[in-house]
Amino acid sequence: MKEAIRFYSDHIISQEVTDFLMPALEKFILGIRLGVRMVAECMDDNDGDIRIGGD
């Protein structure tokens, strides 16, 4: 019985950690994507189109 309680307790704690970290990770990824777009725009002809060749 103690093992089951410990298992569920550990599971709840790990779920809380995951719930805390996922939004932070999502914001980090969005920030990286924005940064890459900004760098790509700075390195091209500043026409607002970051695709290769443009149209």
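In case you missed it, the structure is sitting above this.
Read on for an overview of the structure. Here the residue index of a chain counts from 1 through its sequence in written order. A pLDDT threshold of at least 70 governs which residues receive local features in this predicted model, and a stricter bar of 80 or more applies before side-chain atom pairs are shown or counted, although totals over entire chains, interfaces and linings include all residues. By convention in this description, side-chain values take in all heavy atoms of the structure and omit both hydrogens and water.

Quick look at the overall build of the protein now. To qualify as a helix, a DSSP run of H or I must reach at least 4 residues; to qualify as a strand, a run of E must reach at least 2; elements of each kind are numbered from the N terminus. Helix and strand content of the protein: one helix and zero strands. A simple rule labels every residue: compare its accessible area, found with a 1.4 Å probe on the protein chains alone, to the largest value its type can have, and call it buried under 20%, exposed over 50%, or partly exposed in between. Looking at the protein as a whole, 2% of its 55 residues are labelled buried.

For the rest of this paragraph, the subject is the pattern of salt bridges. One speaks of a salt bridge when a side-chain nitrogen belonging to Lys or Arg is within 4 Å of a carboxyl oxygen belonging to Asp or Glu. Going through the model one piece at a time under the given rule, you end up with one salt bridge. The salt bridge involving D10 is made with R6; its shortest N-O contact spans 4.0 Å. Taken together, the positions of D10 and R6, both in helix α1 (residues 2–43) and four residues apart, correspond to about one turn of that helix. The partly exposed category is assigned to D10, whose relative accessible area is 40%. Classification of R6 by relative accessible area gives exposed; the value is 59%.

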